[in-house]
Number of protein chains: 2
Amino acid sequence: MPRVSDAHKAARHSQVLNAARACFARRGYQATTIRDLERETGMSSGAIFNYFDTKLDIFVALAEEDTAHTARLWSAGGLRAIVEHHTGAQPAYTASYLEVGRQLLTDPDFRARWARRGDLIVEAIRNHLRTQQEQGLVRTDLPLDDLVTYSAIHLDGITLQMRLGTTPTQLVTAVDLYEQALRPPPTSPPA
Amino acid sequence: MPRVSDAHKAARHSQVLNAARACFARRGYQATTIRDLERETGMSSGAIFNYFDTKLDIFVALAEEDTAHTARLWSAGGLRAIVEHHTGAQPAYTASYLEVGRQLLTDPDFRARWARRGDLIVEAIRNHLRTQQEQGLVRTDLPLDDLVTYSAIHLDGITLQMRLGTTPTQLVTAVDLYEQALRPPPTSPPA
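Below you will find a few notes about this structure. This one's a predicted model, so the numbers in the text were calculated from it and none came from an experiment.

A few words on the relation of the copies chain B and chain A. It takes a turn of 180° to lay chain B on chain A, together with a shift of 0.0 Å along the axis; the resulting RMSD is 0.1 Å. On this basis, the relationship between the two copies can be described by a two-fold rotation axis. Ranked by how close their C-alpha atoms come to the rotation axis, the residues of chain B are headed by G157 of chain B, at 2.0 Å. A high fraction, 100%, of the interface residues of chain B reappear at the interface in chain A, so the copies pair face to face through one surface.

Now the structure itself:
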């Protein structure tokens, strides 16, 4: 019965990710040991590394989950939805992002995987902006790529600010200004 | 003659910083050894650490130089001046910024010094925006603090993008949009 086995695998996979998320939030990425992960999952290291090759792979998988979540939020409501989401739930473990910076410099494989995460978000931004253009909500007088870049800059800057302690309520007007610059200019004819 | 001695000290201080900048650019922060710094400066480690307590202190001093430079650029020409500056000179060593992320998490003293750097830039942004408001170039219908936050988000996002390889020419329209959102709204009475 391969279906049961697949469901079992998926459950174990999630179990490792959730345990790692808790450990990284509590102790940070570098200080989390394999022993910590064994204790938190209740699984042996052998079982854990049946699902992931290294601790870094677990970290990247978590980052990929978050990326997918961010992309979904953006698709649903743009930058505003992301800021509003963080009002409720600060994902404490993402401070660990700061710990893997060195890997970005020294590990080309890691850099490539990290960049691919970004591509997923860029696609979500692009599709969302295109839909909003079709609805007449976003300007069409500038190249779409430039609007995507402007949006990605804003997402990166806001994410960094929230990670360093700026509260979402302090960001409301910045999001208003971001959106305002994307609106069709008043002089342009209606679509 | 204290003047000569002070000038000598200042020259040695700069010598260490310039050497460290070259080493960090070439090998990264973590891989740079005290021996590398001795070789590059032509000074003994004892002489080097007469000026700085640790390698991290040298790094922070470099970051503080850059911060002061960024603040001066912003004062002179806003976000646009910063992007234009990077068109000529990509400060390769700043990739090392990614390497000290862990210190931000684990070292409260470091975090406090790092945050103070940010304060200097925030002040430059605030003063520049206030001057532009007085000249009628920037809107006055929103709290200045919110305009500063919007600007800081943009600076952080653009800096990150440039560090990960986006070229300044790809950022021109984003800077236009950033500035556009700050302009006085067309319906507001002239100042």
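Listed per partner, the contact involves 32 residues of chain B and 32 residues of chain A. When the two sides are added together, the surface that chain B and chain A hide from each other amounts to roughly 2,800 Å², 70% of it contributed by carbon and sulfur. Between the two partners, chain B and chain A, sit 0 salt bridges. Here chain B and chain A share 6 residue pairs in polar contact (both at pLDDT 80 or more) between them. Of all the elements in the fold, those that place two or more residues in the side of chain B that touches chain A are α5 (101-106), α7 (144-163) and α8 (172-182) of chain B. No other element matches α7 of chain B, which puts 12 residues into the side of chain B that touches chain A.

Okay, the packing of aromatic side chains next. What characterises a pair of aromatic rings is the spacing of the ring centres plus the angle enclosed by the ring planes. Evaluation of the coordinates by the stated rule reveals 10 aromatic pairs over all chains. Taking 5.3 Å as the distance between ring centres and 15° as the angle between the ring planes, the aromatic pair formed by Y150 of chain B and Y178 of chain B counts as stacked. With a gap of 28 residues between them, Y150 of chain B in helix α7 and Y178 of chain B in helix α8 connect regions that are remote in the sequence. According to the relative accessible area criterion, Y178 of chain B is buried, its value standing at 4%. Ring pairing ties together the aromatic residues F24, Y29 and F59 of chain A, which thus form one cluster.

Definitions and cut-offs
Residues numbered from 1 in each chain as written. Chains lettered and ligands numbered in written order. Predicted model: local features only at pLDDT ≥ 70, side-chain atom pairs only at ≥ 80, totals over all residues. Heavy atoms only, no water. Least-squares fit on C-alpha atoms with pLDDT ≥ 70 in both. Contact = heavy atoms within 4.5 Å. Buried area = accessible area lost by both parts, 1.4 Å probe. Salt bridge = Lys/Arg side-chain N within 4 Å of Asp/Glu carboxyl O. Polar contact = N/O pair within 3.5 Å; in protein donor to acceptor, adjacent residues only side chain to side chain. Helix = DSSP H or I, 4+ residues; strand = E, 2+ residues; numbered from the N terminus. Phe/Tyr/Trp six-rings, centres within 6.5 Å; stacked < 30°, edge-to-face > 60°. Buried < 20%, exposed > 50% of the residue type's maximum accessible area, 1.4 Å probe, protein only.

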